[in-house]
Amino acid sequence: MSSDTISSAPPNELEVKTSEHGGARTGSVKKQVARLFEGSLKAAFPEESVEPLIAVCTARFGDYQCNNAMGIFSKIKERSTEYKNPNSVGQAIAKHLPPSDIVESTSVAGPGFVNIVLSSKWVAQNIHNMLLNGINAWAPILSVERAVVDFSSPNIAKEMHVGHLRSTIIGDTLSRMLEFSEVKVFRRNHVGDWGTQFGMLIEHLFDNFPNLDDVEEHAIGDLQVFYKASKRRFDDDPLFMERAQQAVVRLQGGDARYLSAWKKICELSRKEFDIVYQRLGVHLEEKGESFYNPYIPNVLEELTSKGLIEESEGARVIFIEGQTIPLIVVKRDGGYNYASTDLTAIWYRLNIEKAEWMIYVTDVGQSQHFGMVFSAARRAGWLPDAKSNLYPKANHVGFGLVLGSDGKRFRTRSSEVVRLVELLDEAKSRSKAELVRRLEDNGKLKEWTDKELEKTAEAVGYGAIKYADLKNNRLTNYTFSFDQMLNDKGNTAVYLLYAHARICSIIRKSGKDIEEIKKSGELVLCHADERVLGLHLIQFADIVEEACTNLLPNVLCEYLYNLSELFTRFYTSCQVVGSTEESSRLLLCEATAVVMRKCFHLLGITPVYKI
């Protein structure tokens, strides 16, 4: 068995790429600015090998800033008399900037911060080009081409609950952002479809259905109830426990009858999972724990030959530096466990699927486990040092708890975990009731068909649940509140979806053909609020790249909310319909709507077009 070669990041950050949807991808504005400063730094300081340090300006001095001057000065001050301080280094960097349509002006502030103001004409042209060529022209260019995102991963025969919600929607959003960036993403559902619990499930199934052909979804009924009944028997009945343990041995030994029962239970579970995934608009490809079973012996053999696996108290383990307990890969009874499966999955993903980036989306409670698994993979030579910028790499994307109003883990009044299906049902029901009330108050209910009401209630309800989760830093806990997430004011999906619908309404009410304006009109950014909105629009790729790189969906949510606020400011101060600048401002409206829709898509939210 051989492992993937470790390599540095492909040098594609500063290239212009062609989108698979047509049109050139120039990457984020930040990278385009970096290209300019790369040339400047080489020209001004040819002996220094430095990467441009570019940041978005938060002060009034400019739009972007180059922050290399202090670092360069600290290197050259002992051997150069030409530069007296960091400011003089900044002046040299600014002086050597190559001519570009991007830059309107430059200035040097404080200890050599080189500020640039982007050309308003270039910003407007960039937006107009996006409208003509499509939003994919703004897709960021990342340093990776193939990624595995491991998310959702419920256990067979157990109901999907609110805990699975976070993994499912965070993983889906990360996948969508990577796919938008034209990374080949393997969306993996590592379901818990193997293990000792199947012994009790199978024996309970045999007792209730001696003829497996009689086992149908309606016959078993609620799988969660079925699971609990088998667990109760396992805990209370020693004879049943013994039978269940023997069933595990038969299942793992390949007994045809037991394999058939196992497949039947898995099949019924998948049907229930698929209903949830379909409602959430999430696509996954299942490769559960059982998939990796045939590969485990050879993987453990490779790790043994490399001296990683040792005997300890009857088990086979890998000792990890900095950890007080070892990583057990073979239990005392000779059985495999999560660690052996997860290490084998890493081997498979690197060698068979050729993944450059493996992203595991689970709760923060599993951080130590994945940290140890990744450390073992590095000891095996499968992954480079964690501090390096080399590929392939693996990241654990941890997330906090969903809390109830009492500040404790979100549960039902009977202390049961909250079923995901029931949450979705209630979100849609509440959303529909509020929509009907709003339309009745406005006298518009008769203008809506039942189908439109259903679709809009679903989009708003499900979108509200997703956005309420994604807008938070994933590492923090958050309190689940229908009242808060379905509020049409503030940073909620409801507010943002309605804001998008209002923009669409502005364009419709103008009576103009927006497609025709795209071809014949010109976009100009004369008013200060037009320019602020335009600048925010073209920073979309910067934001998606940041959210991907740091694996933080909340960065995109913050951008979307700010975009809505900036549009409101623009629309308040700039008349659109009937103004002399109508065509240009309609284009700015359309660009805002296009970017909002792409944000919704990346967050897995369905946009609405009328309210």
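Since the structure is predicted, the reported quantities are computational estimates derived from the model, not experimental observations. (Residues numbered from 1 in each chain as written. Predicted model: local features only at pLDDT ≥ 70, side-chain atom pairs only at ≥ 80, totals over all residues. Heavy atoms only, no water.)

S.K.: Would you explain the overall build of the protein in this entry?
M.R.: Looking only at helices and strands, the protein has 22 helices and 18 strands in total. Expressed as lengths along the three principal axes of its C-alpha atoms, the size of the protein is roughly 85 × 75 × 45 Å. Within the protein, residue pairs in contact and separated by at least 24 positions form 73% of the contacts whose partners lie at least 6 positions apart. The distance from the centre of the 73 positive side-chain charges to the centre of the 80 negative ones in the protein is 2 Å. (Helix = DSSP H or I, 4+ residues; strand = E, 2+ residues; numbered from the N terminus. Contact = heavy atoms within 4.5 Å. Lys, Arg positive; Asp, Glu negative; His and termini not counted. Charge placed at Lys NZ, Arg CZ, Asp CG, Glu CD.)

S.K.: It is not clear to me how the pattern of salt bridges should be interpreted in this structure. Could you clarify?
M.R.: It is possible for side chains of opposite charge to pair when their charged atoms get near one another. Summed over the entire model, instances satisfying the criterion amount to 39 salt bridges. For Arg-187, the salt bridge is made with Asp-172, and the minimal N-O distance between the two is 2.8 Å. One end of the pair, Arg-187, is in strand β9 (residues 184-189); the other, Asp-172, is in helix α5 (residues 162-180), with 15 residues separating them in the sequence. Exposure class is identical for Arg-187 and Asp-172. Each is buried. One connected set of salt bridges, linked through shared partners, spans Asp-172, Arg-176, Glu-179 and Arg-187. (Salt bridge = Lys/Arg side-chain N within 4 Å of Asp/Glu carboxyl O. Buried < 20%, exposed > 50% of the residue type's maximum accessible area, 1.4 Å probe, protein only.)

S.K.: I would appreciate a short explanation of the pairing of strand β6 (residues 103-109) in the present structure.
M.R.: Put simply, side chains in a regular strand alternate between the two faces of the sheet. Two strands pair when backbone bridges link them, and β6 and strand β7 (residues 113-118) are joined in this way by six bridges, in the antiparallel orientation. Bridge pairing in β7 places Ser-105 opposite Val-117. The turn joining β6 and β7, which pair antiparallel and follow one another in sequence, is formed by three residues; a positive phi near 50° is taken by Gly-110. (Pairing = 2+ DSSP bridges.)

S.K.: Where do I start with the confidence of the model for the protein in this structure?
M.R.: Predicted coordinates in areas of low pLDDT are best not read in detail. Averaged over every residue, the pLDDT of the protein is 91; the share at 70 or more is 94%. Confidence drops under pLDDT 50 across residues 2-15; counting only partners more than four residues distant or on other chains, this segment forms 42 contacts. (pLDDT = per-residue confidence, 0-100.)

S.K.: What should I look at first to understand unusual backbone geometry in this one?
M.R.: Backbone phi values are negative for most residues with the exception of glycine, while trans is the configuration of most peptide bonds. In this model, Tyr-391 is joined to Pro-392 through a cis peptide bond whose omega is 0°. By the element assignment, Pro-392 lies in the loop between β15 (390-391) and β16 (393-399). Positive phi, normally seen in glycine, also occurs at Ser-152, with a value near 75°. Structurally, the position occupied by Ser-152 is in the loop between β8 (146-150) and α5. For Ser-152, a relative accessible area of 5% gives the class buried. Of note, Glu-313 is a non-glycine position whose phi angle comes to about 55°, a positive value.

S.K.: What is the right way to look at the UniProt feature "domain: DALR anticodon binding" (unreviewed entry) in the protein in this model?
M.R.: Mapped onto the present numbering, the UniProt feature "domain: DALR anticodon binding" (unreviewed entry) falls at residues 496-611. Taken end to end, residues 496-611 comprises 73% helix and 0% strand; its first and last C-alpha atoms sit 12 Å apart. (UniProt positions renumbered as here; feature names shortened; annotations may be inferred.)

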